[in-house]
Amino acid sequence: MQMIEETADLSAYLAADEVIDHHHPLVRETAAGLAAGVADSYEYARAAFEFVRDTIPHSQDSGDLRVTWRASDVLEQGTGICYAKAHALAALLRAEDIPTALCYQKFEVLHGLVAVRFNGAWHRQDPRGNKPGVDAQFSLDGERLAFATDPEFNELDYPVLYAAPHPVVLDVLKAAPDRPHLWRTLPTAL
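Keep in mind the model is a prediction, meaning the values are calculated, not measured.

**What about the overall build of the protein chain?**
- Broken down by element type, the protein chain carries seven helices and six strands.
- Walking the protein chain from its N terminus toward its C terminus, one meets helices and strands in the order β-α-α-α-α-α-β-β-β-β-β-α-α.
- Taken over the C-alpha trace, the protein chain has a radius of gyration of 15 Å; the compact-globule value for 190 residues is 16 Å, and the two agree within 12%.
- The dimensions of the protein chain, computed from C-alpha atoms along their principal axes, are 40 × 35 × 35 Å.
- A total of about 8500 Å² of accessible surface is found on the protein chain, and carbon and sulfur atoms cover 51% of it.

**A look at the side chain of D126**
- Relative to the elements of secondary structure, D126 occurs in the loop between β4 (121-125) and β5 (156-157).
- One buried charge, D126, has no salt-bridge partner; the nearest side chain with opposite charge is R128, at 6.4 Å.
- Within the structure, the side chain of D126 is placed 3.1 Å from the backbone nitrogen of R128, a separation counted as a polar contact.
- Reaching out from D126, the side chain makes a polar contact with the backbone nitrogen of A146 at a distance of 3.2 Å.
- Dropping the residues within four chain positions of it, D126 is found in contact with F49, H111, G112, L113, A136, L145, A146 and F147.

**Description of the pattern of salt bridges**
- A full pass over the atoms with the stated rule returns 11 salt bridges.
- The partner of R144 in a salt bridge is D135, and the shortest N-O contact between them spans 3.3 Å.
- With a relative accessible area of 43%, D135 lands in the partly exposed category.
- Within the structure, one salt-bridge network assembled from shared partners comprises E18, R70, D73 and K174.

**Some points on unusual backbone geometry**
- Residue N119 is not a glycine yet carries a positive backbone phi of 50°.
- Summarising the element assignment, N119 is placed in the loop between β3 (110-118) and β4.
- Residue class for N119 comes out exposed when judged on its relative accessible area of 80%.
- Residue N154 is not a glycine yet carries a positive backbone phi of 60°.
- Summarising the element assignment, N154 is placed in the loop between β4 and β5.

**Side note on the sheet that holds β4**
- In spatial order, the strands read β4-β3-β2-β5; together these four strands make up an open sheet with antiparallel pairing. At either end of the open sheet lies a strand with only one pairing partner, and these are β4 and β5.
- As paired strands, β3 and β4 are joined by five bridges and run antiparallel to one another. Looking across to β4, one finds that F118 is bridged to A121.
- On the sheet, helix α5 (residues 82-95) packs against β2 (100-106) and β3 and is oriented at approximately 15° with respect to β3.

**What to know about the packing of aromatic side chains**
- Applying the stated criterion across every chain yields a total of seven aromatic pairs.
- For the ring pair F49 and F138, a centre distance of 5.8 Å and an interplane angle of 55° mean the geometry is tilted. Placement of the pair is F49 in helix α2 (residues 41-55) and F138 in the loop between β4 and β5, with a sequence separation of 89 residues.
- On the basis of relative accessible area, F49 is assigned to the buried category, the value being 0%.
- For F138, a relative accessible area of 5% puts it in the buried group.
- The rings of Y42, F49, F118 and F138 are connected pair by pair, giving a single aromatic cluster.

Conventions we followed
- Residues numbered from 1 in each chain as written.
- Predicted model: local features only at pLDDT ≥ 70, side-chain atom pairs only at ≥ 80, totals over all residues.
- Heavy atoms only, no water.
- Helix = DSSP H or I, 4+ residues; strand = E, 2+ residues; numbered from the N terminus.
- Rg over C-alpha atoms; globule rule 2.2 N^0.38 Å.
- Areas by Shrake-Rupley, 256 points an atom, 1.4 Å probe, with all protein chains shown as cover.
- Buried < 20%, exposed > 50% of the residue type's maximum accessible area, 1.4 Å probe, protein only.
- Lys, Arg positive; Asp, Glu negative; His and termini not counted.
- Salt bridge = Lys/Arg side-chain N within 4 Å of Asp/Glu carboxyl O.
- Polar contact = N/O pair within 3.5 Å; in protein donor to acceptor, adjacent residues only side chain to side chain.
- Contact = heavy atoms within 4.5 Å.
- Pairing = 2+ DSSP bridges.
- Axes fitted to C-alpha atoms, helices over the stretch in contact; angles between N-to-C directions.
- Phe/Tyr/Trp six-rings, centres within 6.5 Å; stacked < 30°, edge-to-face > 60°.

Here's what the structure looks like:
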């Protein structure tokens, strides 16, 4: 799939905002801890991916009713759905100057991912969290996402790489008082 940058300004994929708040002390502390054990930015990206994938449960899988959307809140509360986990991973990667975009897939509802930029190319990663039947891995040598789209079922990979969360996604997250409400209002398209 040919990915399309929302903006040609690469600094937009390093920016902090209300959601990807990589200047927050908890994000900085977490990033520093992950960076201390690695040799380079590639190893850091893998460590950050595995940290979010493996230590922050997907709230639907764990039964957690809380809804998080800001990266620092995802890290503090240790829960989130795919979008929130993507926000947390983006913040951790941007904290270490790794350009990171947000991207989406369409199934029955939207699914959130990130794309990291290494060696002049974007590589999609899915920090959703593994479970039986789901085996997402960090990879720059071909995608190892949680789910593959099937055009026969009107599923698709959106090609746009967003510098900030898509407003459709963010509005739904912010409006949800709990995960069951969120599940009923998940966006189905961008």
